[in-house]
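Given next are the chains, with one letter for each unit.
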Amino acid sequence: MLIVRPIQYLLTFFIIVFILALIPYQKAIVFQPNHSNAKFAYIPVRNETYFAIKYTHSIHLSDVVESYRITRDDRIRQYELMYEDFAIGMPSNADNGETFEQKNGAYYIKNMKRDFPYFHLRIGQVRANHRVIFKNREYPLSRSISPGTSVKVEIRKLNFFKQWKGVNILESL
């Protein structure tokens, strides 16, 4: 009887720890590969709600920055677009309620309120050099995700095991 009780306590402890490890608790920006068994990449977020995707436009060969914020209901809101060239594939003006500005040789569409539950992104293979900007630092997505991969970008809560299986982008530098 003396040995059984400590074993029961130890077993109970490990069961509780295992169950707690299954509870999603860490909010993250997740880059989930489409149609692939490749590992997903993620950025853990706590109180931070802003991030951006920066890439080199394939035709203009100039930078484009799409700025996003995470809404209270964990949707992704695009609130700004910055680009350096007026040409194929780039907007020529702002939509209703948005503002268009030209400043220091760049064009800005601001006050955007385009909400998405997720969006898809193909990580560039040649020129695009997709980077995610988080807390004023740039992280090349090609360090965590193979170039050419199509990913679904969404806000998700991850449990301990999902974090362990994924690739933390902030640790990729």
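What you see is a predicted model; the values in this text were computed from it and never measured.

Colleague: I'd love a proper account of the layout of surface pockets, names of residues and values included.
Modeller: By volume, the largest pocket amounts to about 200 Å³. In terms of lining, the largest pocket is formed by Y55, T56, H57, S58, G89, M90, V126, R127, A128 and H130. Looking at the lining of the largest pocket residue by residue, the class counts come to four nonpolar, five polar and one charged.

Colleague: Which residues make up the sheet that holds strand β2 (residues 41–44), and what values do they have?
Modeller: Spatial ordering of the open sheet is given by β8-β11-β1-β2-β12, a layout of five strands whose pairing is mixed. Both edges of this open sheet fall to β8 (118–122) and β12 (167–168), since each of them pairs with a single strand only.

Colleague: Explain the sheet that holds strand β5 (residues 76–83) residue by residue, including any values.
Modeller: Sheet architecture is open: seven strands sit in the order β6-β7-β5-β4-β3-β9-β10, paired in antiparallel fashion. On the outer flanks of this sheet lie β6 (99–103) and β10 (137–140), each paired with one strand and no other. Ignoring which end each strand starts from, the neighbouring axes of this sheet average 25° apart. In this structure, strand β3 (residues 50–56) lies alongside strand β9 (residues 131–134), joined through three bridges in antiparallel fashion. In the sheet register, A52 faces β9, and the bridge partner there is I133.

How each quantity is defined
Residues numbered from 1 in each chain as written. Predicted model: local features only at pLDDT ≥ 70, side-chain atom pairs only at ≥ 80, totals over all residues. Heavy atoms only, no water. 1 Å grid on protein atoms, 1.4 Å probe; cavity = no way out; pocket = protein on both sides within 12 Å on 5 of 7 lines; lining within 4 Å. Points joined across faces, edges and corners; volume = space filled by probe spheres on them. Nonpolar A, V, L, I, M, F, W, Y, C, P; charged D, E, K, R; others polar. Pairing = 2+ DSSP bridges. Helix = DSSP H or I, 4+ residues; strand = E, 2+ residues; numbered from the N terminus. Axes fitted to C-alpha atoms, helices over the stretch in contact; angles between N-to-C directions.

Function-wise, these values are silent; they only describe arrangement.
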